[in-house]
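Chains, contacts and geometry: an overview
Spelled out, the chains give:
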Amino acid sequence: MDTTLGMSTAVDDNLTLPPATDTAAAPRIDCRNIKVFYGETEAIHDVSMAFPDRAVTALIGPSGCGKSTFLRCLNRMNDTIENCRVEGEILMDGENINDADVDPVLLRSRVGMVFQKPNPFPKSIYDNIAYGPRIHGLANGREDLDAIVEKSLRRAGLWDEVKDRLAAPGTGLSGGQQQRLCIARAIAVQPEVILMDEPCSALDPIATARIEELIDELRNRYCIVIVTHSMQQAARVSQRTAFFHLGNLVELGDTSQIFTNPREKRTEDYITGRFG
Amino acid sequence: MSDHIVSAYSEELERLSAEILKMGGIVETMITDACRALVSNDLELAKEVVLRDPLVDAIEADAERQIVSLIARRQPMGHDLRMILSAMKISSELERIGDLSKNIAKRTQRLDDNVNVEMRNAILRMAQPVSHQLKDVLNAYATGSAEKARIVWGADDDIDLHYNAVFREMLTHLLEDPRRITAGAHMLFMAKNLERIGDHCTNIAEFVYYQAVGDYLSELERPKQNQV
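To keep things clear, this report deals only with the structure shown in the data block.

Analysis parameters
- Throughout, residues of each chain are indexed from 1 in the direction in which the sequence is written.
- As they are written, the chains are lettered A onward and the ligands numbered 1 onward, keeping that order.
- For a predicted model such as this one, the threshold for reporting local features is a pLDDT of at least 70, and the threshold for listing and counting side-chain atom pairs is 80 or more; totals across whole chains, interfaces and linings nevertheless cover every residue.
- For helices the rule is a DSSP run of H or I covering at least 4 residues; for strands it is a run of E covering at least 2, with both sets numbered from the N terminus onward.
- This radius of gyration counts C-alpha atoms alone. The globule rule is 2.2 Å times how many residues there are, raised to the power 0.38.
- Residues are called buried when their C-beta atom has 20 or more other C-beta atoms within 10 Å, exposed when it has 12 or fewer, and partly exposed otherwise; all C-beta atoms are positioned from the backbone.
- Placing a C-beta atom from the backbone of each residue, one calls two residues in contact when those atoms lie within 7 Å.
- Residues are grouped as follows: Ala, Val, Leu, Ile, Met, Phe, Trp, Tyr, Cys and Pro are nonpolar; Asp, Glu, Lys and Arg are charged; all remaining types, including Gly, are polar.
- One requirement defines pairing of two strands: DSSP has to find at least two bridges between them.
- Every axis corresponds to a line fitted to the C-alpha atoms, with the helix fit spanning only the stretch in contact, and the corresponding angles, defined between N-to-C directions, vary from 0 to 180 degrees.
- Every angle not falling under 35 degrees, over 145, or within 65 to 115 is termed oblique; those three ranges are roughly parallel, roughly antiparallel and roughly perpendicular.
- Crossings are assigned a handedness: left-handed for a near helix turned anticlockwise from the far helix by less than a right angle, right-handed for a clockwise turn.
- The span you would expect from a helix comes to 1.5 Å times its residue count less one.

1. Quick notes on the overall build of chain A
Scanning chain A for helices and strands turns up 10 helices and 10 strands. A compact globule built from 276 residues should have a C-alpha radius of gyration of about 19 Å, and chain A, at 18 Å, falls within 12% of that. Counting over 276 residues, chain A shows a buried share of 44%.

2. Some details on the overall build of chain B
When its secondary structure is counted, chain B shows seven helices and zero strands. Seen in sequence order, chain B has helices and strands lined up from the N terminus as α-α-α-α-α-α-α. Relative to the compact-globule value of 17 Å for 228 residues, chain B shows a C-alpha radius of gyration of 19 Å, a close match. Principal-axis analysis of the C-alpha atoms gives chain B an extent of 65 × 40 × 20 Å. Within chain B, the fraction of its 228 residues that count as buried is 41%. Long-range pairs, those at least 24 residues apart, make up 83% of the contacts in chain B between residues at least 6 apart in sequence.

3. Brief notes about the interface of chain A and chain B
Often, the extent of an interface is quoted as the loss of accessible area upon association of its parts. At the interface, 14 residues of chain A touch 14 residues of chain B. When contributions to the side of chain A that touches chain B are tallied by element, the ones reaching two or more residues are α8 (231–237), α9 (255–260) and α10 (265–271) of chain A. For the side of chain A that touches chain B, the element with the most residues is α10(A), which contributes three residues. Considered class by class, the residues forming the side of chain A that touches chain B number five nonpolar, six polar and three charged.

4. Some details on the environment of B:F207
Residues and elements named next belong to chain B. Tracing the chain through its elements places F207 in helix α7 (residues 181–213). Judged by the 23 C-beta atoms lying within 10 Å of it, F207 is buried. Sequence separation between F207 and A146 is 61 residues, and the spatial gap between their C-alpha atoms is 9.5 Å. Leave out the neighbours within four places in its chain, and F207 touches S86, K89 and I90.

5. Here's the deal with the sheet that holds strand β10 (residues 248–254) of chain A
Residue and element names in this part refer to chain A. The six strands lie next to each other as β6-β7-β8-β3-β9-β10, forming an open sheet whose pairing is mixed. Lying at the two open borders of the sheet, with one neighbouring strand each, are β6 (111–114) and β10. Sheet twist, expressed as the mean angle between neighbouring strand axes with direction ignored, is 20 degrees. In the sheet, strand β9 (residues 240–245) pairs with β10 via six bridges, with the strands oriented antiparallel. If you follow H245 over to β10, its bridge partner there is N248.

6. A word on helix α3 (residues 125–135) of chain A
All names here are of chain A. Along α3, the positions that sit buried rather than exposed are I125, N128, I129, A130, G132 and P133. Lining the buried residues of α3 we find α2 (104–110), α4 (141–155), α5 (159–162) and α6 (175–188). Immediately beyond the C-terminal end of α3, within one or two residues, lies G137, with a positive phi of roughly 65 degrees.

7. With respect to the pairing of β9(A)
Residue and element names in this part refer to chain A. Counting buried positions along β9 yields six of six residues, so the element is predominantly enclosed. Because side chains alternate across β9, one face comprises the buried residues R240, A242 and F244, and the other comprises T241, F243 and H245, equally buried. Where strand β3 (residues 56–60) lies against β9, four bridges are found, and the strand directions are parallel. Paired with A58 across the two strands is T241, which belongs to β9. In sequence, β9 turns back onto β10 through a hairpin of two residues, with L246 there showing a positive phi of about 50 degrees.

8. Quick look at unusual backbone geometry
One non-glycine residue, A:D93, adopts positive backbone phi at about 50 degrees. Inspection of the secondary structure puts A:D93 in the loop between β4 (84–92) and β5 (95–96). Unusually for a residue other than glycine, B:Q75 sits at a positive phi of about 45 degrees. Residue position: B:Q75 is located in the loop between α2 (43–74) and α3 (78–110). According to the C-beta neighbour criterion, B:Q75 is partly exposed, with 15 such atoms within 10 Å.

9. Structural notes on the sheet that holds β5(A)
Residues and elements named next belong to chain A. The four strands are arranged β2-β1-β4-β5 in an open sheet whose pairing can be described as antiparallel. Lying at the two open borders of the sheet, with one neighbouring strand each, are β2 (41–52) and β5. Sheet topology note: the strand β1 (residues 27–38)/β2 ladder contains eight bridges and is antiparallel. Paired with P27 across the bridge in β2 is P52.

10. Some words on the pairing of β1(A)
Residue and element names in this part refer to chain A. In this structure, the hairpin formed by β1 and β2 is closed by a connection of two residues, where G39 is found at a positive phi of approximately 65 degrees. Of the strand pairs in this sheet, β1 and β4 are connected by seven bridges, and their pairing is antiparallel. The residue bridging Y38 from the neighbouring strand is C84, located in β4.

11. Some remarks on the packing of helix α4 (residues 117–143) of chain B against α7(B)
Residues and elements named next belong to chain B. Viewed as axis vectors pointing N to C, α4 and α7 meet at an angle of 15 degrees, and their least axial separation amounts to 9 Å. One element, α4, and the other, α7, form an angle in the roughly parallel class. The handedness of the crossing between α4 and α7 comes out as left-handed. Here M119, I123, M126, A127, V130, Q133, L134, V137, A140 and Y141 of α4 lie close against α7, whose contacting residues are G184, M187, M190, A191, L194, I197, G198, C201, I204, A205 and V208. Classifying every residue of the contact of α4 with α7 by side-chain character gives 18 nonpolar, three polar and no charged.

12. Things to note about α3(B)
Between its first and last C-alpha, α3(B) extends 49 Å over 33 residues, near the 48 Å set by a 1.5 Å rise per residue. α3(B) sits mainly inside the fold: 24 of its 33 residues count as buried.

What follows is the structure, encoded as structure tokens:
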């Protein structure tokens with residue numbers, strides 16, 4: 001995709017890129033020796049892993065294993081937590097995102113995030129999408145902004161359901177629609193990476209299937225990292241899976257290998273339901 | 001391996017593997033009894049072996065129902081997944097072994113008076129290593145041992161050698177006395193059945209190995225000696 005900021009063209013009709021499955025290409029994000037501290041307590045112990053572009057990487061592990069904390073490092077969401085300190089390098093395009101001169105707001109437009117509970121702004125559907133492009137100056141005038149809103153909603157698979165009620169409040173949508181609205185909102189600012197922290201745990205199976213279908217489409221354009229408690233979901237949507245336990249990265253591999261023949265006993269015990 | 005948090009899941013897996021072993025036990029006696037019936041010309045025993053086959057089929061069908069239910073309800077992963085898939089494959093291999101043993105028993109009932117004792121003994125000599133292979137592979141399954149499975153897998157060429165020897169010996173008997181041809185043809189099929197049973201044991205060994213380690217025994221390592 002076009003990763004430069006300052007988009008000025010109208011709707012990009014080229015919505016179907018050929019699927020990219022080459023996960024061996026240069027990583028979109030490369031994490032080296034990441035440690036996260038809450039006060040004196042080390043919560044993540046020296047984790048190094050890379051996230052390939054145009055692929056979904058799932059982070060799995062029991063509650064408190066550090067997967068969400070690790071995910072939040074990737075767009076510096078841990079900055080907002082007092083006492084939280086991150087060590088190590090997180091490289092995007094060769095630049096360490098933890099460097100002092102990196103603007104976290106700009107970073108978060110490149111690394112979008114979708115949360116467990118859909119959190120649309122208490123604004124219209126249109127404004128939910130338009131907000132980001134407006135503050136980042138991505139649109140030249142109303143027509144351009146309309147195009148971005150339409151494109152984002154289309155990519156999130158929501159356009160047909162909301163095109164006749166763009167002025168209605170986003171909070172009036174169903175849970176699954178709200179989550180797709182949040183994904184559309186993240187897409188609107190042209191991110192390179194989309195982080196998802198249990199994006200389906202508040203949704204019913206049908207809405208979950210829609211989101212999973214969407215994730216599969218989005219992976220043709222973005223690097224996606226998803227934290228999920230559902231191993232079946234990780235197995236369904238991801239190409240790579242990382243298993244975390246007690247703040248350590250225990251095992252990282254192709255999803256089919258992790259779920260059929262894990263190398264580590266702790267992974268085996270977790271995925272087969274033998275933990276504890 | 002430690003137990004699942006959901007104990008009913010562990011119990012279901014244990015029940016499935018017990019079912020496979022039960023099936024294996026029945027099939028094991030079918031081979032030995034079929035060959036015993038042949039050597040001692042015990043037609044009652046041969047008939048009884050034939051009657052055991054529906055029981056094997058019923059266990060296979062039941063195991064399959066359990067497997068479908070486990071996949072649908074438990075979404076097995078890792079070793080559990082491999083165990084369940086192997087059970088499905090192994091049960092159909094055992095069912096085939098049951099059929100082939102039944103076939104030996106059926107042919108025993110059709111033999112005429114022209115068969116001599118050497119011919120009967122030739123089949124028995126071949127049946128012994130085949131029974132051993134089955135016993136060993138069931139033992140590998142019961143203990144989940146990749147190493148035992150690998151040994152069974154590597155021993156199949158021995159059975160192929162036996163088969164070649166029996167084949168030649170039968171031909172000699174037939175050449176000596178053409179009245180033996182009908183019975184001899186039956187006995188060549190018996191030998192072929194035993195050879196096939198050996199192959200099924202090798203297949204079972206492959207599934208036991210896959211279940212244990214998650215990798216496939218490479219077909220390249222094993223020498224092929226059967227030229228018939």
